[in-house]
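In case you want the letters, here they are:
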Amino acid sequence: MDEYILEVRNLTKYFGGLKAIDNVSFKINRGEIYSIIGPNGAGKTTLFNMITGFIPPTEGEIFFQGQKINGLKPYQIARLGIGRTFQLTTLFMQNTVLENLLIGQKQTREFPVFHSIMSVKRRRVSQSEAVERAHAVAEFIGLGTFKNTMAAILPHGAQKQLSIGLALSGDPDLILLDEPLGGVDMDEIDMIIELIKKIRDEGKTICLIEHKMRVVMNISDRILALSYGKKLVEDLPEVVASNEDVIASYLGDRYAARG
Ligand SMILES: Nc1ncnc2c1ncn2[C@@H]1O[C@H](COP(=O)(O)OP(=O)(O)OP(=O)(O)O)[C@@H](O)[C@H]1O
Ligand SMILES: [Mg+2]
């Protein structure tokens, strides 16, 4: 088995004349927390969208567990074992936590095609298994006491936890988290950090997009820094933190934000 779970090879993405990703290559090791940082518009989400099949690369290749996945549909990639969350939390707001976790499984699970007695039986078993798994995931993400609460009325941090639960629905080997701490209150942040570590401790590999630098520096095994679609550096947190290009691109971003 390969030591790395994901390989991105010479990936480029144009949106019209804009080069959102510019010849980026990297490998993610099995079991690590690999973070992607970079100023707004650097191309982080675009990378996730290509890895999960939501948008096709203009050039380059993506391999998951040694298998080429670019060209596959999002549901096919999900079934191979890649889960993801979205930058803007997408939940079934009018459904309960448990229902969300059931719908999430339906989206990644393959149901029997033939309506024989056998498959009906199998489907019934898999339905009860699905319910069992939904309960287990609710407990795992720390929402055990909110199982029957409608998603819309959960606190923002709990909604973020549930979106991670949805990404875990298909029991993925690799999970991509797009700013899981975005807009989350200080007192809720630690819970989500603990959840990310717990997922890693389950043997899953995590790729994390996050702006909160102190968190990224603490939690990551390795970090990839992007700027204007280009790879600036990929290294251990302490090396990335002291990289001049990284410091310059973040300072530039901050000045731009101040106007
Ligand atoms: N579907 C699209 N069509 C056209 N341009 C796009 C599309 N998606 C992203 N872009 C552009 O590509 C660039 C990279 O966007 P992307 O969303 O990947 O950045 P990001 O690093 O995730 O930024 P942020 O930190 O703000 O989330 C931006 O200039 C953005 O406007
Ligand atoms: Mg983004």
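Only a predicted model underlies this, so the values are computations on that prediction, with no experimental measurement involved. (Residues numbered from 1 in each chain as written. Chains lettered and ligands numbered in written order. Predicted model: local features only at pLDDT ≥ 70, side-chain atom pairs only at ≥ 80, totals over all residues.)

**Regarding the confidence of the model for the protein**
Mean pLDDT over the protein: 90, with 89% of residues reaching 70 or higher. Ignoring residues within four places in sequence, the model shows residues 111-125, a span with pLDDT below 50, making six contacts including any to other chains. Note on residues 255-259: pLDDT under 50 across the span, and zero contacts to partners over four residues away in sequence or across chains. (pLDDT = per-residue confidence, 0-100. Contact = placed C-beta atoms within 7 Å.)

**Quick word on the packing of helix H3 (residues 97-108) against helix H5 (residues 156-168)**
For the pair H3 and H5, the least separation of the axes is 8 Å and the interaxial angle reads 30°. Classified by the interaxial angle, the pair formed by H3 and H5 is roughly parallel. In this structure, H3 crosses over H5, and the sense of that crossing is right-handed. Taking contact as the criterion, the partners of Val-97, Asn-100, Leu-101 and Gly-104 in H3 are, on H5, Leu-162, Gly-165 and Leu-166. Each residue belonging to the contact of H3 with H5 can be placed in one class, and the counts come to four nonpolar, three polar and no charged. (Axes fitted to C-alpha atoms, helices over the stretch in contact; angles between N-to-C directions. Helix = DSSP H or I, 4+ residues; strand = E, 2+ residues; numbered from the N terminus. Parallel < 35°, antiparallel > 145°, perpendicular 65-115°, else oblique. Left-handed = near helix turned anticlockwise from the far one by under 90°. Nonpolar A, V, L, I, M, F, W, Y, C, P; charged D, E, K, R; others polar.)

**Concerning the pairing of strand E9 (residues 222-227)**
Most of E9 sits out of view: five of its six residues are buried. Two elements, E9 and strand E10 (residues 230-235), share five bridges in a ladder whose sense is antiparallel. Directly across from Ile-223, in E10, lies its bridge partner Asp-235. Hairpin connection, E9 to E10: the antiparallel pair is bridged by two residues, and Tyr-228 has positive phi, about 50°. (Buried ≥ 20, exposed ≤ 12 C-beta atoms within 10 Å, placed from the backbone. Pairing = 2+ DSSP bridges.)

**Description of the sheet that holds strand E3 (residues 33-37)**
The strands making up a sheet are joined through hydrogen bonds of the backbone, oriented either antiparallel or parallel. Strands sit in the order E6-E7-E8-E3-E9-E10 across an open sheet of six strands; the sheet is mixed. Since the sheet does not close on itself, it has two edges, and those belong to strand E6 (82-84) and E10, each with one partner. Taking the axes of each pair of neighbouring strands and ignoring which way they run, one obtains an average angle of 15° across the sheet. Set on the sheet, helix H1 (residues 44-51) makes contact with E3, E6, strand E7 (174-178), strand E8 (205-209) and E9; between it and E7 the angle comes to about 150°. Its contacts with the sheet place helix H6 (residues 186-201) against E3, E7 and E8, and it is angled at close to 150° to E8.

**Things to note about the nonpolar core**
By size, the foremost hydrophobic cluster in this structure holds 61 residues, and its most contacted members are Leu-162, Ile-175, Leu-176, Leu-177, Ile-206 and Cys-207. It is H5 that contributes the most residues to this core, six residues altogether. Sequence-distant contacts of Leu-177, defined by excluding residues within four places in its chain, comprise Thr-85, Ile-164, Ile-196, Ile-206, Leu-208 and Ile-209. (Core = buried A, V, L, I, M, F, W, Y, C linked by C-beta atoms within 7 Å.)

**Focus on H6**
Relative to the 22 Å expected for 16 residues at 1.5 Å per residue, H6 spans 24 Å between its end C-alpha atoms, a close match to the ideal helical length. Those residues of H6 not exposed but buried are Ile-192, Leu-195, Ile-196 and Ile-199. End-on, the buried residues of H6 take up no more than an arc of 100°, which puts them together on one face. Summarising the geometry of H6, the exposed residues directed more than 90 degrees from the buried face are Met-186, Asp-187, Asp-190, Glu-194 and Asp-201. Lining the buried residues of H6 we find H5, E7, E8 and helix H7 (213-219). The positive-phi residue at the C-terminal boundary of H6 is Gly-203, with phi of around 95°. (Expected span 1.5 Å × (residues − 1). Arc of directions from axis to C-beta.)

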